[in-house]
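Remarks on the overall topology
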Amino acid sequence: MKAKLPLIARILLGFIFFASGLAGLLNLAKIPPDLPQRLVTFNSGLVASIYFMPFLKITETLCGLLLLSGSFVPLALVVLAPIVINIFLVHAFMAPSGLPLAIIVGLLLLYLSFFAQPYSSVIKQLFRRK
């Protein structure tokens, strides 16, 4: 079972990002009417920039595909790290109801990046002194 844990975590994280990226690109997810006003304002600003949301959703979709396929997993984890940090901070400060999912996504990313072989050895090299 221990050998399958990285595979399960990778597939789960990949599915989360692939599905949310695709849903955002295709406008499949409706915006809930009861969002806090600060979050609505924040999202409106991102949408108003015109380029950011499509860029974010394409990045999420591609990284999700990389995780699902098992190709370039360390690269996908590094690219997703700032996205996951932002997801966590948005929920921590603006929409606490989404915090449990943000924590789960963060824990999956941390596990794959720093504890799961063979990905952790590649990621840890980024933190070595030269």
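Attention in this report is confined to the structure presented alongside it.

The next thing to look at is the packing of helix α1 (residues 5-25) against helix α5 (residues 99-114). Closest axis-to-axis distance for the α1/α5 pair is 10 Å, and the angle between their directions is 135 degrees. One way to sum up the angle between α1 and α5 is to call them oblique. When the axes of α1 and α5 are compared, the crossing they make is left-handed. For the pair α1 and α5, contact is made by L5, P6, A9, R10, L12, L13, I16 and F17 and by V105, L108, L109, Y111 and L112, respectively. Residue composition of the contact of α1 with α5, grouped by class: 12 nonpolar, no polar and one charged.

The subject of this paragraph is helix α3 (residues 52-69). The end-to-end C-alpha distance of α3 is 26 Å, a good match for the 26 Å that 18 residues give at a rise of 1.5 Å each. Among all positions of α3, only L56, K57, T59, E60, T61, C63, G64 and L67 are buried. Its buried side turned inward, α3 meets α1 and α4 (73-93). Looking one or two residues past α3, G70 carries a phi angle of roughly 85 degrees, positive in sign.

Once that is clear, we can look at a nonpolar patch on the surface. Among the surface-exposed residues, L22, L25, L26, L28, I58, L62 and L65 lie close enough to one another that they form a single nonpolar patch of about 610 Å² accessible area. Looking at the nonpolar patch, the elements with two or more residues in it are α1 and α3. By residue number, the principal contributor to the nonpolar patch is α3, which donates three residues. Relative to the helices and strands, L25 is located in helix α1.

Parameters and conventions
In every chain, residue numbers begin from 1 and rise along the written sequence. In view of the model being predicted, local features appear only for residues whose pLDDT reaches at least 70, and side-chain atom pairs are presented and counted only at 80 or more, with totals across whole chains, interfaces and linings using the full set of residues. Processing note: side-chain calculations cover all non-hydrogen atoms of the structure and skip hydrogens and water entirely. Here an angle of 0 to 180 degrees is reported between the N-to-C directions of two axes, which are lines fitted to C-alpha atoms, with helices fitted over the stretch in contact. Labels follow the DSSP assignment, with helices taken as runs of H or I lasting at least four residues and strands as runs of E lasting at least two, numbered in each case from the N terminus. By definition in this entry, angles of less than 35 degrees are roughly parallel, angles greater than 145 are roughly antiparallel, angles of 65 to 115 are roughly perpendicular, and the rest are oblique. Crossing handedness: left-handed means the near helix sits turned counterclockwise from the far one by under a right angle, and right-handed means the same turn made clockwise. Any two residues having at least one pair of non-hydrogen atoms within 4.5 Å are treated as being in contact. The classification used treats Ala, Val, Leu, Ile, Met, Phe, Trp, Tyr, Cys and Pro as nonpolar, Asp, Glu, Lys and Arg as charged, and all other residues, Gly among them, as polar. Any helix carries an expected span of 1.5 Å times its number of residues minus one. Only protein chains enter the accessibility calculation, which uses a 1.4 Å probe. A residue is then buried if its area is under 20% of the maximum for its type, exposed if over 50%, and partly exposed in between. Residues with no salt bridge and a relative accessible area higher than 30% make up the patches, which join like charges within 9 Å and nonpolar side chains (Val, Leu, Ile, Met, Phe, Trp, Tyr) within 5 Å. The accessible surface values rely on the Shrake-Rupley method and a 1.4 Å probe; as for residues, cover is taken only from the protein chains in view. Criterion for a salt bridge: a side-chain nitrogen of Lys or Arg within 4 Å of a carboxyl oxygen of Asp or Glu.

On their own, these measurements won't tell you what the molecule is for.
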